[in-house]
Amino acid sequence: TSARTRLRWLAPRRTGTAGRKMGWPRRSGSSWRYSKSQPSAGSSANYLIRFERAAFINWLGTNTSPPAAEFFPVSLVSVSGVEAGLTGLAFSPTHRRLFFTAAVEDRNDPVQDGAVLGSFVGSFSWPAQQEPALESCEAPENLPAARKLESICLLRENSGGVQALAVADDDMGSSHLASLNISLP
C-alpha cells in the first residue's frame with residue numbers, strides 16, 4: 001500500500017476502447033512541449049520526448065517534417081520481468097515535474113491489449129537543461145490489479161503535491177474515473 005498516492009473511484013462510465021501509443025499532456029511548460037512513447041513488441045524502452053513549444057505549435061496543421069525533438073529513454077518498474085509502459089502525462093508548472101500513469105501488460109503486440117499485471121502513478125523531476133529523473137513510481141491505494149490506468153490530468157497543485165484525475169479501463173468496454181491525491185517525494 002502506498003502512502004503517497006491515494007485513489008478514490010468516482011462514477012463508472014461505459015465507453016468503447018481505443019488504443020493510442022503516443023500521448024500529449026494536458027498542459028505544457030512555458031517553452032517546451034512533452035510527449036511519451038511506450039514500449040512495443042520486442043522493445044522495453046519508454047521515451048519522454050521534448051519539443052520546443054513554439055516550433056511545435058507552428059508545425060501543427062502543416063504538411064512538413066516535425067520540428068527537432070529530444071528523446072530521453074526512461075526506465076520504470078517491472079512486474080514479472082515486464083517493464084511498465086507510460087500511458088499518460090501531465091506537466092505541473094508549480095512543481096516543474098511530469099506526473100505520469102503507467103501500466104504493465106502481458107502482451108506481444110504493441111496495439112492489442114494484454115492481461116494487466118499492474119498500474120502505477122509517479123513523477124519525473126526535469127530541471128532545465130538536464131535529463132529527466134524518475135522520482136517515484138508506485139501502485140496507488142485501492143487500485144484493483146486488473147484496472148489499467150490510461151491517463152492523468154492535474155486538477156489542483158499545492159506545496160505538498162497535486163490532486164489529479166485518472167481514467168482506468170478493464171479492456172471490456174468499461175471505464176472508470178478516479179481521483180488521485182499525490183504527495184511529493
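Above: the structure in question.
Scope of this entry: the structure provided in the associated data block. Here the structure is a predicted model, which means the values were calculated and not measured.

Take the side chain of H176 next. Checked against the element boundaries, H176 lands in strand β14 (residues 174-183). You can call H176 buried: its relative accessible area is 13%. A polar contact is formed between the side chain of H176 and the side chain of R147, at a distance of 3.0 Å.

Time to look at the nonpolar core. What tends to happen in soluble globular proteins is that the nonpolar side chains get buried as a cluster. Counting 16 residues, the largest nonpolar core has L48, L76, A84, L86, L98, F100 and F124 as its most contacted members. For this core, the secondary-structure elements that each account for two or more residues are β5 (69-74), β8 (85-92), β9 (97-106) and β10 (115-125). Ranked by residues supplied to this core, first place goes to β9 with four residues. One finds V121, V162, A164 and L180 within the second-largest nonpolar core, a separate group that totals 14 residues.

Our next topic: the sheet that holds strand β11 (residues 133-138). Taken in spatial order, the four strands make up an open sheet running β8-β9-β10-β11, and their pairing is antiparallel. In the strand order of this sheet, the two ends are held by β8 and β11, each with one partner. Across this sheet, the average inter-strand angle for adjacent strands is 25°, counted without regard to direction. One ladder, built from 10 bridges, connects β9 with β10; its direction is antiparallel. Following the sheet pairing, A102 is matched in β10 by F120.

Counted by the stated rule, this structure contains four salt bridges. Between R50 and E70 there is a salt bridge; the shortest N-O distance is 3.0 Å. Of this pair, R50 sits in strand β4 (residues 46-52) while E70 sits in strand β5, placing them 20 residues apart in sequence. Between E135 and R97 there is a salt bridge whose closest N-O contact spans 2.6 Å. Highlighted residues: E135 in strand β11 and R97 in strand β9, separated in sequence by 38 residues.

Now for the pairing of β14. Most of β14 is tucked away: seven of the 10 residues are buried. The pairing of strand β13 (residues 161-169) with β14 spans nine bridges and is classified as antiparallel. Among the inter-strand pairings, A166 is bridged to a residue of β14, identified as A178.

What follows is about the pairing of strand β12 (residues 148-158). For β12 and β13, the ladder comprises nine bridges, and the chain directions are antiparallel. In the strand pairing of β13, N158 is matched with G161. The turn joining β12 and β13, which pair antiparallel and follow one another in sequence, is formed by two residues.

Here we come to the environment of C137. Considering the arrangement of structural elements, one finds C137 in strand β11. Separated by 15 residues in the primary sequence, C137 and G122 place their C-alpha atoms 4.1 Å from one another. Setting aside chain neighbours within four positions, we find C137 in contact with L76, V77, F100, F120, V121 and G122.

Conventions and cut-offs
Residues numbered from 1 in each chain as written. Predicted model: local features only at pLDDT ≥ 70, side-chain atom pairs only at ≥ 80, totals over all residues. Heavy atoms only, no water. Helix = DSSP H or I, 4+ residues; strand = E, 2+ residues; numbered from the N terminus. Buried < 20%, exposed > 50% of the residue type's maximum accessible area, 1.4 Å probe, protein only. Polar contact = N/O pair within 3.5 Å; in protein donor to acceptor, adjacent residues only side chain to side chain. Core = buried A, V, L, I, M, F, W, Y, C linked by side-chain atoms within 4.5 Å. Pairing = 2+ DSSP bridges. Axes fitted to C-alpha atoms, helices over the stretch in contact; angles between N-to-C directions. Salt bridge = Lys/Arg side-chain N within 4 Å of Asp/Glu carboxyl O. Contact = heavy atoms within 4.5 Å.

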